[in-house]
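Structure assessment
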Amino acid sequence: QVQLVESGGGLVQAGGSLRLSCAASGSISRFGAMTWYRQPAGKQRYLIAGITRGGTTNYADSVKGRFTISRDNVKNILYLQMDGLKPEDTAVYYCYANERVAALGSSFDYWGQGTQVTVSS
């Protein structure tokens, strides 16, 4: 079992920056892709950025060019650098990873507890 713990959220003015971290209690090398989701109040959670073990990234159109996802496979931390923040970026942000265990024929989902990001206008 691996635990994921997010940090770095907070209140920021529009145009500001925040860096979110997702620290894993074990090695993240076991994960292929790792992703960030967000969930605005009263809305569904949706994916905004992903990164493969090899470093290939992809982004939702709403954050492309403003957010940067990265991972440190030595420190076992997933990051989300958020620049040019807008009020519509206000949400709870979650990190997520899936581990496939071939020997068991199973996969396991790991979610962090979430961190609140609030962007004021």
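Residues numbered from 1 in each chain as written. Predicted model: local features only at pLDDT ≥ 70, side-chain atom pairs only at ≥ 80, totals over all residues. Heavy atoms only, no water.

**So, the overall build of the chain**
Our working definition: In this description a helix means any DSSP run of H or I spanning at least four residues, a strand means any run of E spanning at least two, and both kinds are numbered starting from the N terminus. Two things to know: the radius of gyration comes from C-alpha atoms, and the globule rule equals 2.2 Å times the number of residues to the power 0.38. Per-residue accessibility, obtained with a 1.4 Å probe over protein chains only, is compared with the maximum for each type, and a residue is labelled buried under 20%, exposed over 50%, and partly exposed between these values. Surface accessibility follows the Shrake-Rupley procedure with a 1.4 Å probe radius. Residue values consider only the protein chains on display as shielding. Positive: Lys, Arg. Negative: Asp, Glu. His and the chain ends are not part of the count. Taken as the charge location is NZ of Lys, CZ of Arg, CG of Asp or CD of Glu.
Per the secondary structure count, the chain includes zero helices and 11 strands. Its C-alpha radius of gyration of 14 Å places the chain within 12% of the 14 Å reference for a compact globule of 121 residues. Taken along its principal axes, the extent of the C-alpha atoms in the chain is 50 × 30 × 25 Å. By residue count, 43% of the 121 residues in the chain fall in the buried class. Carbon together with sulfur atoms contributes 49% to the accessible area of the chain, which is approximately 6400 Å² in total. Side chains of the chain give 12 positive and 8 negative charges; the mean places of these two sets differ by 2 Å.

**A word on unusual backbone geometry**
With a phi angle near 65 degrees, asparagine 76 is a residue other than glycine that sits in the positive phi range. Tracing the chain through its elements places asparagine 76 in the loop between strand E7 (67-72) and strand E8 (77-82). A relative accessible area of 16% places asparagine 76 in the buried class.

**Re the pairing of strand E10 (residues 106-111)**
To keep things clear, this is the line we draw: Two strands make a pair as long as DSSP finds a minimum of two bridges between them.
Alignment of strand E9 (residues 91-101) against E10, held across six bridges, turns out to be antiparallel. Of the residues in E10, the one forming a bridge with valine 101 is serine 106. Joining the antiparallel neighbours E9 and E10 is a turn of four residues, in which glycine 105 adopts a positive phi near 65 degrees.

**So, the sheet that holds E8**
Short version of the rule: Note on geometry: axes are C-alpha line fits, over the in-contact stretch for helices, and angles between N-to-C directions span 0 to 180 degrees.
Read across the sheet, four strands follow the order E1-E3-E8-E7 without closing on themselves; strand pairing throughout is antiparallel. With one partner strand each, in any of the chains shown, strand E1 (4-7) and E7 form the two edges of the open sheet. Each strand axis lies, on average, 15 degrees off the axis of its neighbour in the sheet, ignoring direction. For E1 and strand E3 (residues 18-24), the ladder comprises four bridges, and the chain directions are antiparallel. The partner of glutamate 6 across the bridge, within E3, is cysteine 22.

**Focus on the state of the cysteines**
This is how it is decided: Put simply, a disulfide is two cysteine sulfurs that come within 2.5 Å.
The tally for this structure, following the rule as stated, stands at one disulfide. A disulfide bridge connects cysteine 22 with cysteine 95, and the sulfur atoms are separated by 2.0 Å. With the S-S dihedral at roughly 60 degrees, the linkage between cysteine 22 and cysteine 95 falls on the right-handed side. On the criterion of sequence distance, the pair formed by cysteine 22 in strand E3 and cysteine 95 in strand E9 is long-range, its members being 73 residues apart. For the pair formed by cysteine 22 and cysteine 95, the shared burial category is buried.

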